Structures are given as structure tokens and as C-alpha cells.
Amino acid sequence: MTHTEIEALVKGFIVDTATGPVNARVQQVVLRLTTDLFKAIEDLDLQPSEIWKGLEYIAEAGMTHEIGLLAPGLGLERFVDIRSDEAEAKAGLTGGTPRTIEGPLYVAGAPVSAGYARLDDGTESDKAEVLFMQGTVFDAKGQPLRGATVEVWHANLMGNYSFFDASQSAFNLRRTITTDDQGRYQLRSILPKGYGCPPNGTTQRLLDQLGRHGQRPAHVHFFISADGHRKLTTQINIDGDEYLWDDFAFASREGLVPAITRISAPDELAKKGVDQAFASIDFDFTLYADTPDAPAAEVERTRVSA
Ligand SMILES: [Fe+2]
């Protein structure tokens, strides 16, 4: 079939069959995606068995909760971020902390504390390097934001996240910190390790077919929010990771790889209450003020709550 014939056929299937109220946006999207899919089937001469394999793949990815890995693995989550960056630039918003992908492993409801929190429960203390990370949340004019919310979460040394990894304590490596009067936050945790897609899962199986790995460099996730400001979804990467610029999820960005300082001076250790050298990261966040000129920064998606 020609593309013109396909367009007429799909319109006949999707639009001309309506006998009740139509959600115009849903109709527009379904019409477009179905038309594009049919064109691809025609152009690539996809066979019925291939089409059913594809549908079964999507079903399995859904049943095994891997859609949230497939989206970043295909670059969809990064693409959406690029579009959000473009929309903000068009609205004159530049110079803030770069956003990057949320990923599928946030859990709402982490314990809240003022100014400081320790994230780790100590179970990996004998194997891990202690991390102190601190900084200030600023507005776009460089003024510190007191009472801003810093939601932080990261993986353990096995590359696993609490809640999804039931062997970890509740909210291990997850906290919400509100900034102090000077807009500052500080956290103590362990330096996380990178991780990969489940080796036999749907995402990795597809990546295998594409000759790609499914590894992420070590990173720490953040949601930063403050009244009157656009929510920031971002991560920092742990410098030195072999996958730093080879992330299967395309989340590494300039400006999100802070320097790590190793601190070993005895008085500094004493001040921090630790007995071995630790890693220290300084990182400030800069938020944009709310504006009607750019699409909402808050992304609606189903998130786990514990
Ligand atoms: Fe992650």
C-alpha cells in the first residue's frame, strides 16, 4: 500500500468509526501513532509473526515492570528531557542546574529531616567509602532558598535500590532534606556503585539484539523543589566510573559530574565523627522561578509510595 492509502485506511478505522463523544487529543495521538506504525509495517515488510512477537514483547515488559527501563534504554526519557530543555530555553530559562532523567526507582514517603540526613543504614559500612555531600539550593538570581526540599535516592554497593530490593531496610539510601536558613543541605551516605539492567529481562534482551550494554554509571538521584519554583529532576554522577560517558540511559551530562575530594585529615574526620578517610562532594542546585511561559516541570507518572 502507499502511504496515502494507509492514511485513508487508518482514518477509516480510528476516526470515521466514532459514534460517541471524542477526546480530540487522544484521537489525534492514536491516529498519528497508528498511521506511523502501519507505514513502518509496510515499509519494513513486517511479517505477522514479527508483529505478534513485538506485541508480546511489550506485554512482557509491562508484566515484568520493565517499561521504566525500556524508556530510558531507547533514549525516550532523554529525548523528553531535551524537549523540556528546549522549551525552557525558549522561555528564557537558562543557567539553572541541568535536568536529567528520573528513572523508575523513586519511592515517595522517605523520612524528612531539616538540614542534614544520613541516608545509609550502616549495613555496608565495612565495604563502602563514606560520602559527605553538601551544598546550597539557589534561585535563578543566586539567592539561597531556605526550606527547599531535597529528595535524594541512590543504589547500594550491589547496585540495588531499597523497596525494590526487599533485603534492604525501609528507605535505606532515601531521604528528604529541607534546606536551612542559608539554603544549605548536607547528607552523609556511602559512595554508590553503578548497576545494569536485569540480565535476563526484556530490556537487556532487546539491548543484546542491538549490540548494546545495559549499564549505568554510579549516580545519585535528586528531586529539588521550592515554593514558587520549577521542580528540578536530576542526578549527579560519581566521577571516575568506567561508564561515566557510556550510560545506557543517556543521563550523564556536563555540569552533573562534581569533583570528589578525599578527606583524611584527622581533625576533619573527628569533626565528621568518622574514623576513616571519606569522599566529599560539594554541589549546589539552581532552580528556575515558576513561569507560565514553559510547560509544567512536574511530570505526572505513577510512582511507588511506601
Ligand atoms: Fe538510578
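Definitions and limits used
Residues numbered from 1 in each chain as written. Predicted model: local features only at pLDDT ≥ 70, side-chain atom pairs only at ≥ 80, totals over all residues. Heavy atoms only, no water. Helix = DSSP H or I, 4+ residues; strand = E, 2+ residues; numbered from the N terminus. Buried < 20%, exposed > 50% of the residue type's maximum accessible area, 1.4 Å probe, protein only. Polar contact = N/O pair within 3.5 Å; in protein donor to acceptor, adjacent residues only side chain to side chain. Salt bridge = Lys/Arg side-chain N within 4 Å of Asp/Glu carboxyl O. Pairing = 2+ DSSP bridges.

Participant: When you look at the side chain of Asn156 in this model, what are you seeing that I'm missing?
Facilitator: As for its position among the elements, Asn156 is in the loop between strand E5 (149-154) and strand E6 (174-178). Judged by relative accessible area, Asn156 falls into the buried class, the value being 5%. Separated by 2.9 Å, the side chain of Asn156 and the backbone nitrogen of Met158 make a polar contact.

Participant: Can you walk me through unusual backbone geometry in this structure?
Facilitator: What you tend to see is this: most non-glycine residues have negative phi, and most peptide bonds are trans. Phi at Leu173 takes a positive value of approximately 65°, unusual for a residue other than glycine. Summarising the element assignment, Leu173 is placed in the loop between E5 and E6. One non-glycine residue, Phe250, lies in the positive phi region at around 60°. Note on Phe250: relative accessible area 36%, which makes it partly exposed.

Participant: What's the story with the pattern of salt bridges in this structure? I'm lost.
Facilitator: Tallying each qualifying case throughout the model produces 17 salt bridges. Residues Asp16 and Lys11 are paired through a salt bridge, measuring 3.1 Å at the closest nitrogen-oxygen approach. For Lys11, a relative accessible area of 42% gives the class partly exposed. Note that Arg205 and Glu60 form a salt bridge whose closest N and O atoms lie 2.9 Å from each other. Here Arg205, found in helix H6 (residues 202-209), pairs with Glu60, found in helix H3 (residues 48-63); they are 145 residues apart in sequence, far enough to count as distant. Residue classification places Glu60 among the partly exposed positions, given a relative accessible area of 28%.

Participant: I would appreciate a short explanation of the pairing of strand E13 (residues 278-282) in the present structure.
Facilitator: Each regular strand displays side chains that alternate between the two surfaces of the sheet. The element E13 is extensively covered by neighbouring structure, given that four of its five residues are classed as buried. In this structure, strand E4 (residues 130-138) lies alongside E13, joined through four bridges in parallel fashion. Counterpart to Phe132 in the pairing with E13 is Ser280. Bridge analysis of strand E12 (residues 261-263) against E13 gives three bridges, and the strand direction is antiparallel. In the sheet register, Ile263 faces E13, and the bridge partner there is Phe278.

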